[in-house]
Amino acid sequence: MKVKTLLFVVLLSASTSFVSVWFYGSVLHKQYASAGEPGKLPVNYARFIDGIPKTGPVDFTAATSASTPAVVHIKTRIREQRLTNNLPRRNNPFSDLFGEDDPFGGIFGGPRVIPEQQASGSGDLVSSDGYIVTNNHVIENANEINVTLANRKSYKATVVGTDPNMDLAVIRINAGGLPYLIYGNSDELKLGQWVLAVGYPLNLDVTATAGIVSAKARNIGINKSDRPVESFIQTDAAVNPGNSGGALVNTNGELIGINTAIASPTGSYAGYSYAIPVNLVKKAVNDILRFGVVQRAYLGISYPQENLSAEEKERNGIKEGVGVFISGVAGDGAAEAAGLKKGDFITRINGAAVETGPELQEQLARYKPGDKIAVTYSRDGREATVNVTLKNRSGNYNVVKAETIVDKLGGAELQPLDAAAARKMGIEGGVLVKKLGAGVLKNTRMQEGFVITGVNGRPVTKVDELTSALAAAQGIAKLEGVYPGYDGTYAYPLNLSGPNADDRAMDHP
């Protein structure tokens, strides 16, 4: 009886083993095919196994020693501003009560004081003679820019040019023989590649952190300018406040991006950071140095925003397909002239594949008005390529020139206030606005006869002091001053970008 039981147990074990082997061979083994069995691997693994060599431990010392001397600490200062509302003091019943200090923010006619502001960020030397690239938001509205090198030498910096749409700025210090970063190629970046973020976070000395490229062509909606370009390199290298404008470098120490933003619920690093690709940076810097302003080329199309729901796509007639769907074509834009139509899918720009709006933006941002590009598109399942001559924002092929402050003032008639009038008004001096002209002053509530006494807290008594102060300002400038016959002071915000240009040739997400 014991022998029969033993035989039964042996037979049962053998049968179970046979079934297990058969099940693994016929079912599970299909999911875990080895590299030695051609045709069994998914396509995405074949190249990894066969073509990519195994890499050893990564050493960051060479890249760090090459990059840190060329990354600088930027500190800015915005002077105290005293602003009031537009109610003349002589007609203000609360002026005697609050006098010069209105605790309600100027609503009763007393000045509202915005205290002096100081901030810091990072920047990257890109030439031996002191040109530095950083973020526009690092130096925006600054009255004073100080740059400290890694060797602790400090310099005053001047603004060469800015591009809020890409959040880039070029500044310069008066020095020579400086270390500088070599441009890399951001197009060659691959997911999983090691990178270093170098900068001055949290007012610390120069700091390097390491991570990998975790995504490319990211749009996070952080840039609030009129035509933002967002196609960020996403990394998990630790970046904190103060890193803005600093370098993202590869393991060769080459500049591959400008650290710009973090994704965080707290304002400090929480896992992801974002950098502007260096291939866009190079083009922007070259444009600023050559033309004084970044040249932006437009295809003249509209395309859907990212992450639309299926219902939104159906409601707006947006089809599914490979590439960027054209949801509209401007009547006199570059795309219309080349024969592109609503419903087409753009799949390549000069041979570079584009599948998303940010990827399309990144490719177009490399060109200037008048450049010819090859656009590959799909229509009704058939692919074709057409040559397109890109246009500027106004719908023509001209290179855009940088506007001077005089251009922006548009014929405004300005003159120094004479000494007798200044004494009568109880001020040291100012600039009298005799005529507003057709420029940016006309877009404010300012009236002719206004005497400008300061710009962003900087006193002005001569016309050249006024234009110099406006030239130094970025974005919105605050013009302070008085009206003859009134006791109150006034402040007018002035948009130095002026009226929006014609949108006919725009590329709209």
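Rules used in this analysis
Residues numbered from 1 in each chain as written. Predicted model: local features only at pLDDT ≥ 70, side-chain atom pairs only at ≥ 80, totals over all residues. Heavy atoms only, no water. Helix = DSSP H or I, 4+ residues; strand = E, 2+ residues; numbered from the N terminus. Buried < 20%, exposed > 50% of the residue type's maximum accessible area, 1.4 Å probe, protein only. Contact = heavy atoms within 4.5 Å. Areas by Shrake-Rupley, 256 points an atom, 1.4 Å probe, with all protein chains shown as cover. 1 Å grid on protein atoms, 1.4 Å probe; cavity = no way out; pocket = protein on both sides within 12 Å on 5 of 7 lines; lining within 4 Å. Points joined across faces, edges and corners; volume = space filled by probe spheres on them. Nonpolar A, V, L, I, M, F, W, Y, C, P; charged D, E, K, R; others polar. Pairing = 2+ DSSP bridges. Expected span 1.5 Å × (residues − 1). Axes fitted to C-alpha atoms, helices over the stretch in contact; angles between N-to-C directions. pLDDT = per-residue confidence, 0-100. Phe/Tyr/Trp six-rings, centres within 6.5 Å; stacked < 30°, edge-to-face > 60°.

(A) Local environment of the overall build of the protein. Within the protein, the regular secondary structure consists of twelve helices and 27 strands. The burial tally for the protein puts 43% of its 509 residues in the buried class. Pairs at least 24 residues apart make up 63% of the contacts formed inside the protein by residues separated by at least 6 positions. Of the roughly 26,500 Å² of accessible surface on the protein, 53% is carried by carbon and sulfur atoms.

(B) Highlighting empty space enclosed by the protein. Counted under the stated rule, the structure contains two cavities of 30 Å³ or more. Computed from the structure, the second largest cavity encloses a volume of approximately 30 Å³. Lining the second largest cavity, in full, are M166, V229, E230, S231, F232, I276, P277 and L280. The class makeup of the residues in the lining of the second largest cavity is six nonpolar, one polar and one charged.

(C) Spatial organisation of the pairing of strand β8 (residues 168-173). Most of β8 is tucked away: five of the six residues are buried. Sheet topology note: the strand β5 (residues 131-134)/β8 ladder contains four bridges and is antiparallel. Looking at the pairing, I132 lines up with I171 of β8. Judged from the six bridges that link them, strand β7 (residues 154-163) and β8 form a sheet pairing that is antiparallel. Bridge pairing in β8 places G161 opposite V170. Between β7 and β8, which pair antiparallel and follow one another directly, the connecting turn spans four residues, one of which, D167, has a positive phi of 55 degrees.

(D) Quick peek at helix α6 (residues 278-291). An ideal rise of 1.5 Å per residue puts 20 Å on 14 residues; α6 measures up with 19 Å between its terminal C-alpha atoms. On its buried face, α6 is in contact with β5, β7, β8, β13 (255-263), β14 (272-277) and α9 (357-364). Looking one or two residues beyond α6, the residue adopting positive phi is G292, at roughly 85 degrees.

(E) Geometry of the sheet that holds β13. The six strands lie next to each other as β9-β10-β11-β14-β13-β12, forming a closed barrel whose pairing is antiparallel. The average angle at which neighbouring strand axes cross in this sheet is 45 degrees, direction not considered. Pairing of strand β9 (residues 194-199) with strand β12 (residues 247-249), which is carried by three bridges, proceeds in the antiparallel orientation. Pairing of A197 across the sheet is with L248, part of β12.

(F) The arrangement of the confidence of the model for the protein in detail. Of all residues in the protein, 80% have pLDDT values of 70 or greater, and the mean over the chain is 82. In the predicted structure, residues 84-109 sits below a pLDDT of 50 and forms 51 contacts with residues beyond four places in sequence or in another chain. For the stretch residues 498-504, pLDDT sits under 50, and the model shows 13 contacts to residues farther than four places along the chain or on other chains.

(G) Representation of the packing of aromatic side chains. Applying the stated rule across the entire model yields six aromatic pairs. On the basis of an interplanar angle of 55 degrees and a centroid distance of 6.1 Å, the ring pair of F232 and Y274 is categorised as tilted. Taken as a pair, F232 in strand β11 (residues 232-235) and Y274 in strand β14 lie far apart in primary sequence, 42 residues in all. Pair check on accessibility: F232 and Y274 agree, each one buried. Taking 5.2 Å as the distance between ring centres and 85 degrees as the angle between the ring planes, the aromatic pair formed by F450 and Y492 counts as edge-to-face. Here F450, found in the loop between β23 (431-435) and β24 (451-455), pairs with Y492, found in strand β27 (residues 489-495); they are 42 residues apart in sequence, far enough to count as distant. The same class applies to F450 and to Y492, which are both buried. Members of the aromatic cluster, joined through ring pairs, are F450, Y483, Y490 and Y492.

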